[in-house]
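A closer look at the structure
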Amino acid sequence: MIGTVRTVLALAVVALTTIVLAPLQMLCLKTGLCRGRRVLRHWHKIATRMLGVRIRVFGGPAPGRPLMIAANHVSWLDITVLAAIADVSFIAKSEMSAWPIFGWFSRMQRSVYVERERRRKSGDQASEIASRLAEGDVMVLFAEGTTGDGNQILPFKTTLFGAASMMLSASKHDEMWIQPVALAYTRLQGLPMGRQYRGLAAWIGDEDLVPHLSAVLREGAMDVEVHFGEPVSFTAKSNRKEVARLVEARVREMLSAALTNPAPRP
């Protein structure tokens, strides 16, 4: 009963927030008077709170621009968590555009959608990402290319790191930054999750969004740590595969440290 009440209340608050903030975001995008990032951040903050997700942040986005954030990927929750703490746009799989509520807001957030199975489009997709980076947008790349179980990370895909090279060759910039970020889901109901329970946060494979969303709402009180690492310089002389491996190693190290020794609750 408590889980049902929490679910209904959370959905009602998110729906009301969407009704209030959606017109403001559309006005920002259509008029060009603002990018609407503050509007979106408010929405994501409220959404994470209603979902029962408590965020602990260590560090923050690097000040240098252009900036790409390369993060591990555990769940659709990652998107709401990162958008609640930083003004970012996402490099997301094309299916996300059809998600209820979250898909609409991802479009309003000017996400770049990629079709990973269609290699012929990878050049056009990288070009769009490069253009956004050159404009100063902070783009988040979930570099594993899929979601993991939250206990370890998968090898980083290097293809979309090519957008960094493309951006440098097509703009006035001679250097950009790629910042490693680790998302670690550490506690449930205030207690350490442990390997066996971390799957409650993970959203893997072809699992439907709505049942997983319902499960998260019923559980509530989930803690996630977001660790921002030192940014890696990327220039025209950089090798994207070597940079990808370096960034992957740093994300892996931060994730391992966070899961082994979760931060104490405030």
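My aim in this report is to walk through the structure given alongside it, one point at a time. If you're wondering where the values come from, they're calculated on a predicted model, not measured in any experiment. (Residues numbered from 1 in each chain as written. Predicted model: local features only at pLDDT ≥ 70, side-chain atom pairs only at ≥ 80, totals over all residues. Heavy atoms only, no water.)

1. Digging into the overall build of the protein chain
Regarding its fold elements, the protein chain presents 9 helices and 9 strands. Each of the 266 residues in the protein chain was classed as buried or not, and the buried ones make up 50%. If you take every contact in the protein chain between residues at least 6 apart in sequence, the share linking residues at least 24 apart comes to 77%. With the model as given, the accessible surface of the protein chain reaches about 12,900 Å², and the carbon-plus-sulfur share is 56%. (Helix = DSSP H or I, 4+ residues; strand = E, 2+ residues; numbered from the N terminus. Buried < 20%, exposed > 50% of the residue type's maximum accessible area, 1.4 Å probe, protein only. Contact = heavy atoms within 4.5 Å. Areas by Shrake-Rupley, 256 points an atom, 1.4 Å probe, with all protein chains shown as cover.)

2. Side note on the pattern of salt bridges
In total, this model carries 6 salt bridges according to the counting rule given. As a salt-bridge pair, Asp87 and Arg41 come within 3.1 Å of each other at their nearest N and O atoms. A residue pair is termed long-range when its members are at least 10 positions apart, and Asp87 in the loop between helix 3 (77-85) and strand 3 (89-93) and Arg41 in helix 2 (residues 37-51) qualify at 46 residues. Judged by relative accessible area, Asp87 falls into the partly exposed class, the value being 33%. Close ionic contact of Glu248 with Arg252 constitutes a salt bridge, the shortest N to O distance being 2.4 Å. Taken together, the residues Glu248 and Arg252, both in helix 9 (residues 240-260) and 4 residues apart, mark about one turn of the helix. (Salt bridge = Lys/Arg side-chain N within 4 Å of Asp/Glu carboxyl O.)

3. Concerning empty space enclosed by the protein
Any space left empty among the atoms is revealed by the rolling of a water-sized probe across them. For the structure shown, the criterion picks out 1 cavity of 30 Å³ or more. Taken as a whole, the largest cavity spans an internal volume of roughly 30 Å³. Around the largest cavity, the lining residues are Ile69, Leu82, Ile85, Ala86, Val88, Val140 and Phe228. (1 Å grid on protein atoms, 1.4 Å probe; cavity = no way out; pocket = protein on both sides within 12 Å on 5 of 7 lines; lining within 4 Å. Points joined across faces, edges and corners; volume = space filled by probe spheres on them.)

4. A look at helix 9
Taking 1.5 Å per residue, 21 residues should reach 30 Å; helix 9 reaches 30 Å between its end C-alpha atoms and fits that length. For helix 9, the set of buried residues is Val243, Ala244, Val247, Glu248, Val251, Met254, Leu255, Ala258 and Leu259. Along the long axis of helix 9, the arc covered by the buried residues comes to 135°, so they all point the same way. Across from the buried face of helix 9, at angles greater than 90 degrees, the exposed residues are Arg245, Glu253 and Thr260. Turning to helix 9, the residues buried within the fold contact strand 2 (67-71), strand 6 (175-188), strand 8 (222-228) and strand 9 (232-235). The distance from a side-chain oxygen at the start of helix 9 to the backbone nitrogen of Lys241 is 2.9 Å, and the residue carrying that oxygen is Asn239. (Expected span 1.5 Å × (residues − 1). Arc of directions from axis to C-beta. Polar contact = N/O pair within 3.5 Å; in protein donor to acceptor, adjacent residues only side chain to side chain.)

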